[in-house]
Amino acid sequence: MTMADLRIAVLVPCYNEEAAVGTVVADFRKALPSAKIFVYDNNSKDRTVAVAREAGAEVRSETHQGKGHVVRRMFADVDADIYVLVDGDATYDAPSAPRMIEKLLNEHLDMVVGLRVDQSVAAYRPGHRTGNWMLTNFLSSVFGEAFKDILSGYRVFSRRFVKSFPVLSDGFEIETELSVHALELALPVAEVDTPYYARPEGSFSKLNTWRDGFRILGTILKLYRSEKPLRFFSAIGIFLALVSIGLAIPIIITFLEEGIVPRLPTAVLSMGLMILAVLSVSSGLVLDTVTRGRREMKLLAYLSQPPVGKT
């Protein structure tokens with residue numbers, strides 16, 4: 001099975017990318033002549049829609065603001081064998097797409113991530129580089145190491161991945177969610193080095209290093225709570241139990257020495273914290289069973305889709 005035999009869709013989410021979207025469409029049309037290019041506009045206030053149409057893309061819209069909403073709509077609407085997801089800011093290298101698709105096909109993968117290699121100082125701001133490193137390492141410690149660049153917006157997917165992926169994020173946390181979905185189901189994935197360029201003149205980033213960094217960190221914590229509930233709630237339970245024991249030790253020593261409990265409120269607090277610790281661990285045990293059932297359902301949805309090139 002070759003690329004010419006497959007339906008390839010290039011998905012381009014856009015918000016105010018008038019200066020760059022025409023270049024993105026032209027570059028991917030040249031790199032993937034047989035692909036169909038979809039530009040999804042997200043309430044742009046400039047000429048993004050007109051420029052994308054003039055470049056030859058099929059333009060659709062998503063009115064709910066946020067990249068997560070756009071990706072959810074694209075994954076639901078577009079039917080293809082191979083999906084290429086790329087930002088509309090002309091920072092990613094279109095000629096790398098055939099190489100990424102070939103790797104996905106040859107190694108029977110479900111996702112190939114474009115590992116960004118910056119080509120200029122302006123391409124990758126220091127704050128974003130540091131934030132990406134911190135978040136990638138945190139994700140690796142929680143879910144297992146599989147990626148060096150979890151925030152890359154350049155990815156190639158199989159149909160199996162796209163049609164079994166429940167998009168829950170609203171904004172730029174979507175890249176984190178895509179990575180976690182692959183890790184929790186142990187899907188075959190890989191990374192490919194790709195050049196990463198600075199935005200063209202007149203194009204401006206919508207990212208905020210601190211705001212979006214905290215949002216992504218919050219997404220990882222929420223996913224950790226929902227996907228690893230036993231670990232999450234056990235950690236809380238252990239912390240509460242240690243505090244409870246720390247408060248109880250002086251009271252127990254006093255009782256053994258003098259036969260009285262002089263600090264009754266502290267004793268009550270200690271007992272309450274221990275009860276909460278037991279409840280937290282119990283909640284983790286129950287939710288772990290629920291999460292296992294959800295993971296099985298996701299895996300069944302994944303397996304219900306045929307592999308690439310088969311119907």
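Residues numbered from 1 in each chain as written. Predicted model: local features only at pLDDT ≥ 70, side-chain atom pairs only at ≥ 80, totals over all residues. Heavy atoms only, no water.

Visitor: Is there a simple way to think about the environment of Ser226 in this case?
Guide: Positionally, Ser226 belongs in helix H8 (residues 209-227). According to the relative accessible area criterion, Ser226 is partly exposed, its value standing at 25%. Taking the C-alpha atoms as reference points, Ser226 and Gly284, separated by 58 residues in sequence, lie 9.9 Å from one another. Those residues in contact with Ser226 that lie beyond four places of it in its chain are Thr291 and Arg294. (Helix = DSSP H or I, 4+ residues; strand = E, 2+ residues; numbered from the N terminus. Buried < 20%, exposed > 50% of the residue type's maximum accessible area, 1.4 Å probe, protein only. Contact = heavy atoms within 4.5 Å.)

Visitor: What is the right way to read the sheet that holds strand S4 (residues 82-85) from this model?
Guide: Pairing between sheet strands relies on hydrogen bonds along the backbone, with the strands arranged either parallel or antiparallel. Spatial strand order, S3-S2-S1-S4-S6-S5-S7: 7 strands in an open sheet with mixed pairing. In the strand order of this sheet, the two ends are held by strand S3 (58-61) and strand S7 (189-196), each with one partner. When the angles between neighbouring strand axes are averaged without regard to direction, this sheet yields 20°. Inspection of the sheet shows strand S5 (residues 111-118) paired to strand S6 (residues 155-158) by 3 bridges, in the antiparallel sense. Along S6, the bridge assignment pairs Met111 with Phe157. Relative to S7, helix H4 (residues 96-106) is tilted by about 170°, and along the sheet it contacts strand S1 (8-14), S4, S5, S6 and S7. Across the sheet, helix H7 (residues 174-184) touches S4, S5, S6 and S7, and the angle it forms with S6 is around 45°. (Pairing = 2+ DSSP bridges. Axes fitted to C-alpha atoms, helices over the stretch in contact; angles between N-to-C directions.)

Visitor: So what exactly am I meant to see when it comes to the packing of aromatic side chains here?
Guide: The way to describe two aromatic rings as a pair is by their centre distance and the angle between their planes. Taken as a whole and assessed by the stated rule, the structure comprises 10 aromatic pairs. Cluster of aromatic residues (ring-pair linked, three or more members): Phe75, Tyr83, Phe157, Phe161 and Phe165. The ring of Tyr302 has Arg160 lying over it, and the distance from NZ or CZ to the ring centre is 4.9 Å. (Phe/Tyr/Trp six-rings, centres within 6.5 Å; stacked < 30°, edge-to-face > 60°. Lys NZ or Arg CZ within 6 Å of the ring centre and 35° of its normal.)

Visitor: I keep staring at the pattern of salt bridges and nothing clicks. Help me out?
Guide: Note that side chains of opposite charge can pair when their charged atoms are close. Applying the stated rule across the entire model yields 18 salt bridges. Two residues, Glu18 and Arg47, come together in a salt bridge whose shortest N-O distance is 4.0 Å. Taken as a pair, Glu18 in the loop between S1 and helix H1 (21-31) and Arg47 in the loop between strand S2 (36-41) and helix H2 (48-55) lie far apart in primary sequence, 29 residues in all. When its relative accessible area of 33% is taken as the criterion, Glu18 is described as partly exposed. (Salt bridge = Lys/Arg side-chain N within 4 Å of Asp/Glu carboxyl O.)

Visitor: Honestly, the packing of helix H9 (residues 229-258) against helix H10 (residues 264-303) in this entry has me stumped. Any pointers?
Guide: In helix packing, the relevant descriptors are the interaxial angle and the interaxial distance, both defined with respect to the helix axes. Running from amino to carboxyl end, H9 crosses H10 at an angle of 165°, the nearest separation of the two axes being 8 Å. Accordingly, the angle class assigned to the pair H9 and H10 is roughly antiparallel. Handedness of the H9/H10 crossing: left-handed. In the contact of H9 with H10, the residues fall into 20 nonpolar, 8 polar and 1 charged. (Parallel < 35°, antiparallel > 145°, perpendicular 65-115°, else oblique. Left-handed = near helix turned anticlockwise from the far one by under 90°. Nonpolar A, V, L, I, M, F, W, Y, C, P; charged D, E, K, R; others polar.)

Visitor: Looking at this model, I keep getting lost on the side chain of Arg160. Mind explaining?
Guide: The residue Arg160 is located in helix H6 (residues 159-163) in this model. A polar contact is formed between the side chain of Arg160 and the backbone oxygen of Gln305, at a distance of 2.7 Å. (Polar contact = N/O pair within 3.5 Å; in protein donor to acceptor, adjacent residues only side chain to side chain.)

Visitor: Hey, could you run me through unusual backbone geometry in this one?
Guide: The general pattern is negative phi for most residues beyond glycine and trans for most peptide bonds. The backbone of Asn16 shows a phi angle near 55°, a positive value even though the residue is not glycine. Tracing the sequence through the fold places Asn16 in the loop between S1 and H1. Exposure remark for Asn16: the relative accessible area of 24% places this residue in the partly exposed category. Phi at His108 takes a positive value of approximately 55°, unusual for a residue other than glycine. Positionally, His108 belongs in the loop between H4 and S5. Here His108 falls in the exposed class, since its relative accessible area comes to 66%.

Visitor: Can you walk me through the pairing of S5 in this structure?
Guide: Side chains on a regular strand alternate between the two faces of the sheet. Here S5 lies mainly inside the structure; 6 of its 8 residues are buried. Note: S5 against S7, 8 bridges, orientation parallel. Among the inter-strand pairings, Val113 is bridged to a residue of S7, identified as Glu191.

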